[in-house]
Amino acid sequence: MKISITREKLAGLKDWFTDYVHTFKYNDPEIQQNIDLKKEHTMRVCKEILNIGKQLGLNDDELRLAEIIALLHDVGRFEQYARYRTFMDRKSENHAELGIKIIKKSGILNQFDDAVKDLIVRSIQYHNRPSLPTDESESCLFFSKLLRDADKLDIWKVVTDYYLREERKRNGAIELDLPDTSGFSDAVYQDLINKTIVDIKHVKNLNDFKLLQISWIFDINFKPTLNCVKKRRYLEKIRDVLPKSKEINEIFDVIHVSCFSRNI
Ligand SMILES: [Fe+2]
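Residues numbered from 1 in each chain as written. Predicted model: local features only at pLDDT ≥ 70, side-chain atom pairs only at ≥ 80, totals over all residues. Heavy atoms only, no water.

Caption draft 1: Spotlight on the side chain of Ser 185. In this structure, Ser 185 sits in the loop between α8 (172–175) and α9 (186–193). The class of Ser 185 is buried, set by a relative accessible area of 16%. Contact partners of Ser 185, with chain neighbours within four places excluded, come to His 202, Lys 204 and Asp 208. (Helix = DSSP H or I, 4+ residues; strand = E, 2+ residues; numbered from the N terminus. Buried < 20%, exposed > 50% of the residue type's maximum accessible area, 1.4 Å probe, protein only. Contact = heavy atoms within 4.5 Å.)

Quick look at the structure:
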C-alpha cells in the first residue's frame, strides 16, 4: 500500500486535536485532571509509536501515518469522560467506537484517500479489542499492532507512576473504581498461567486489574517494545505492589520463560 502524508496534513491534524481537547474545560480540578491525563497520554503514545516505528525502519510517510493513528486513537475518551465520568467502557460505551463517530462527524480525515482513511479508522477501532481480527490487510494489521504496542507502553507508565506515587490519594478513573481488597481471583491467575491476556470479566479487585496489566506482555508485537518494557522495569514495578505469594512467583516464572527469553 502506497502511503503519502505531508507534514502539513499531520500538523493540521495536531492543531485540530489541540482545539478539540480545549473544548473540554472544567472548574472541578479532579475532572480536569482526568481530561489532562488522556491528553498527555495521547502525546506520549505519539512519541512511543514514533520510537518503535523508527526502530522498525519505517519511512517518513509511514511514521506520519503512525503518528496520526496515535494522535486520534483515544479521541473518544474526552467525550466519554464528559458524558459518563468514567473511562470504563463496560459502564459507559466503547471509547474507540465513540472516537470514530467524532472523527467521522468532524470530517478531518476527508483530506486523505479512502485507503488511508480506512486504515486510520480501523486501527483505532481495533486498538482496545482483546485481539486483532485475522481477516484484515497486512498494512492495517501492522499499524494496529504498532498502536497497540505504543498504547500499552504508555498505560504501563501511567499505572506504574500511579502505584508508586508519594501522595496516597486514590483515583477511581485509573483504578476503574475497583475495590482494593486482598488477594486475587483464581480465574485471573489461570489466564496468566495459560499465557493469555486476562479476561476483563475475571477482574474483581485492584490486584486482578494489576495482573491484567501484567498480562498485556502476552500481546506485545515488536521486539523494540519488549526491550522498552524490560529497560523500564514496568512489570517488576507492578509486581512490587502485588501480594507476595507462590502464585505470583509462578506467574513471573511463566513470563520470563515465554516472553523475556523469546524472540519476536
Ligand atoms: Fe490509549
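Now, onward.
Caption draft 2: Molecular detail of the pattern of salt bridges. Summed over all chains, the structure comprises 18 salt bridges. For Glu 93, the salt bridge goes to Lys 101, with nearest N and O atoms at 3.8 Å. Arg 122 serves as the salt-bridge partner of Asp 118, at 2.7 Å between the closest nitrogen and oxygen. One end of the pair is Asp 118 and the other is Arg 122, both in helix α6 (residues 114–126) and four residues apart, which spans about a single turn. A cluster of three or more residues bridged by salt bridges with shared partners is formed by Glu 79, Arg 83, Glu 93 and Lys 101. (Salt bridge = Lys/Arg side-chain N within 4 Å of Asp/Glu carboxyl O.)

Caption draft 3: Region of the structure containing helix α3 (residues 60–72). With 13 residues, α3 ought to run about 18 Å at 1.5 Å a step, and its terminal C-alpha atoms sit 19 Å apart, in line with that. Most of α3 sits out of view: ten of its 13 residues are buried. Taken together, the buried positions of α3 are occupied by Leu 63, Arg 64, Leu 65, Ala 66, Glu 67, Ile 68, Ile 69, Ala 70, Leu 71 and Leu 72. In this structure, the buried residues of α3 make contact with α1 (7–22), α2 (29–55), α5 (95–106), α6 and α7 (138–163). If you check the start of α3, you find a side-chain oxygen 3.1 Å away from the backbone N of Asp 61, and it comes from Asn 59. (Expected span 1.5 Å × (residues − 1). Polar contact = N/O pair within 3.5 Å; in protein donor to acceptor, adjacent residues only side chain to side chain.)

Limitation: the analysis is restricted to geometry and does not speak to function.
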